[in-house]
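The chain contents come next:
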Amino acid sequence: MYFLISFYIFIFGTLIGSFLNVVILRYNTGKKILGIQERSMCFSCSKKLEWYELVPVLSFVFLRAKCAGCKSRISWQYPLVELAMGLLTLGIFYKNFHSVFASRDLGWITVNVGFIESLAVLTLLEMTIWAILLVITAYDLRHKIIPDGLAFAFAALAFVIAILDGRLSNSLIAGALFFAFFASLWLVSGGRWLGFGDAKLVVGVGFLLGITNGLSALTLAFWIGAAVGIFLILVGRIA
């Protein structure tokens, strides 16, 4: 039963990831993200994709990462985003509902319906936030820019979670401090060290994590960025 629940939750997450790929590709392009008139197609030959070519992860594997029509390469972005959202969805559900999944006491579940409903709201908010962050990551890798709309949506949802968690003042201070720090780096460097979009993004980080956890997350991000930068420099010299 535990495995079956995990499997269905993961599949549900990959379906969300498939939709996120549509958002990543169509955001700010003028194309409708929702609507049957904007069917998915191959960017090389404009072939309309059939339903069996849109199954998360599996279609990429069975098609061998090539379009069924023109045989052009299919980006690894598609399965990676789908897998990432599947794992994130599974992790969020287990973080919030582990006690419910593990419980064999139906009476406990009945009595705590209100508690479970609040967990469902929190889960929905967290899934939406991670979906937005995943879109921001992929969009930034493709276009080297963080869209304002996505950064503001992330900050707004993080603000709601801060209210629900009862730590609004801490989160507001964190958001303001992180924004001021990143904005100053952008200003001093003239945009060479980082973009102003990063300053907007960390507002949501502050709202979501607060001062202590937010500082830990940003420190980790700086170290990861430094490691990736050094790796790319070394690869460039070897090449």
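Residues numbered from 1 in each chain as written. Predicted model: local features only at pLDDT ≥ 70, side-chain atom pairs only at ≥ 80, totals over all residues. Heavy atoms only, no water.

Helix and strand counts for the protein come out as 8 helices and 0 strands. Taking the principal axes of its C-alpha atoms as reference, the protein extends roughly 55 × 55 × 40 Å. Looking at the protein alone, contacts between residues at least 24 apart form 61% of all its contacts between residues at least 6 apart. Entry remark: accessible area of the protein is about 14,700 Å², with carbon and sulfur atoms responsible for 71%. Put simply, the protein has 18 plus and 11 minus side-chain charges, and the middle of one group is 12 Å from the middle of the other. (Helix = DSSP H or I, 4+ residues; strand = E, 2+ residues; numbered from the N terminus. Contact = heavy atoms within 4.5 Å. Areas by Shrake-Rupley, 256 points an atom, 1.4 Å probe, with all protein chains shown as cover. Lys, Arg positive; Asp, Glu negative; His and termini not counted. Charge placed at Lys NZ, Arg CZ, Asp CG, Glu CD.)

Our focus in this paragraph is helix α8 (residues 196–238). The end-to-end C-alpha distance of α8, which contains 43 residues, comes to just 32 Å, noticeably less than the 63 Å that a straight helix rising 1.5 Å per residue would cover. The largest bend in α8 comes to about 120°, at Gly210. (Expected span 1.5 Å × (residues − 1). Bend = angle between axes of the 7 residues up to and from the residue.)

With that settled, the discussion passes to the nonpolar core. Soluble globular proteins: nonpolar side chains tend toward being buried together. Leu20, Ile136 and Phe154 are the most contacted members of the largest nonpolar core, which has 47 residues in total. Elements with a contribution of two residues or more to this core: α1 (2–26), α3 (77–102), α5 (113–143), α6 (148–165), α7 (168–189) and α8. Looking at which element gives the most residues to this core, the answer is α5, with 13 residues. Look past the residues within four positions of Ile136 in its chain and what remains in contact with it is Ile146, Leu150, Ala151 and Leu201. (Core = buried A, V, L, I, M, F, W, Y, C linked by side-chain atoms within 4.5 Å. Buried < 20%, exposed > 50% of the residue type's maximum accessible area, 1.4 Å probe, protein only.)

On to the confidence of the model for the protein, then. Averaged over every residue, the pLDDT of the protein is 88; the share at 70 or more is 90%. Confidence, expressed as mean pLDDT per element, reaches its minimum in the protein at helix α4 (residues 106–111) with 52 and its maximum at α7 with 96. (pLDDT = per-residue confidence, 0-100.)

Summed over all chains, the structure comprises 4 salt bridges. One salt bridge in this structure joins Lys95 and Glu126, with 3.1 Å as the shortest N-O distance. A residue pair is termed long-range when its members are at least 10 positions apart, and Lys95 in helix α3 and Glu126 in helix α5 qualify at 31 residues. A salt bridge links Asp165 to Arg167, with the shortest nitrogen-to-oxygen separation between them at 3.4 Å. Residue Arg167 is classed as partly exposed on the basis of its relative accessible area, which comes to 22%. (Salt bridge = Lys/Arg side-chain N within 4 Å of Asp/Glu carboxyl O.)

Attention shifts here to the side chain of Gln77. Checked against the element boundaries, Gln77 lands in helix α3. Take Gln77: its relative accessible area is 12%, and that puts it in the buried class. For Gln77, the side chain forms a polar contact with the side chain of Arg142, separated by 3.1 Å. Look past the residues within four positions of Gln77 in its chain and what remains in contact with it is Asn21, Ile24, Leu25 and Arg142. (Polar contact = N/O pair within 3.5 Å; in protein donor to acceptor, adjacent residues only side chain to side chain.)

Our focus in this paragraph is the packing of α6 against α8. The geometry of a pair of packed helices is captured by two quantities: the angle between their axes and the separation between those axes. The geometry of α6 relative to α8 is characterised by a closest axis approach of 8 Å and an angle of 15° between their N-to-C directions. Taken as axis vectors, α6 and α8 run roughly parallel relative to one another. The handedness of the crossing between α6 and α8 is left-handed. Contacts from Asp148, Ala151, Phe152, Phe154, Ala155, Ala158, Phe159, Ile161 and Ala162 in α6 reach Lys200, Leu201, Val203, Gly204, Val205, Phe207 and Leu208 in α8. Here the residues of the contact of α6 with α8 are counted per class, giving 13 nonpolar, 1 polar and 2 charged. (Axes fitted to C-alpha atoms, helices over the stretch in contact; angles between N-to-C directions. Parallel < 35°, antiparallel > 145°, perpendicular 65-115°, else oblique. Left-handed = near helix turned anticlockwise from the far one by under 90°. Nonpolar A, V, L, I, M, F, W, Y, C, P; charged D, E, K, R; others polar.)

A contiguous patch of positive charge, built from Arg64, Lys66, Lys71 and Arg73, is present on the exposed surface. Its place among the elements puts Arg64 in the loop between α2 (58–62) and α3. A residue is classified by how much of its surface remains accessible, and Arg64, at 69% relative accessible area, is exposed. (Patch = residues over 30% accessible without salt bridge, like charges linked within 9 Å, V, L, I, M, F, W, Y side chains within 5 Å.)

Residues other than glycine seldom take positive phi values, yet Lys71 does so here, at roughly 65°. Residue placement: Lys71 occurs in the loop between α2 and α3. One non-glycine residue, Lys144, lies in the positive phi region at around 60°. Within the secondary structure, Lys144 is located in the loop between α5 and α6.

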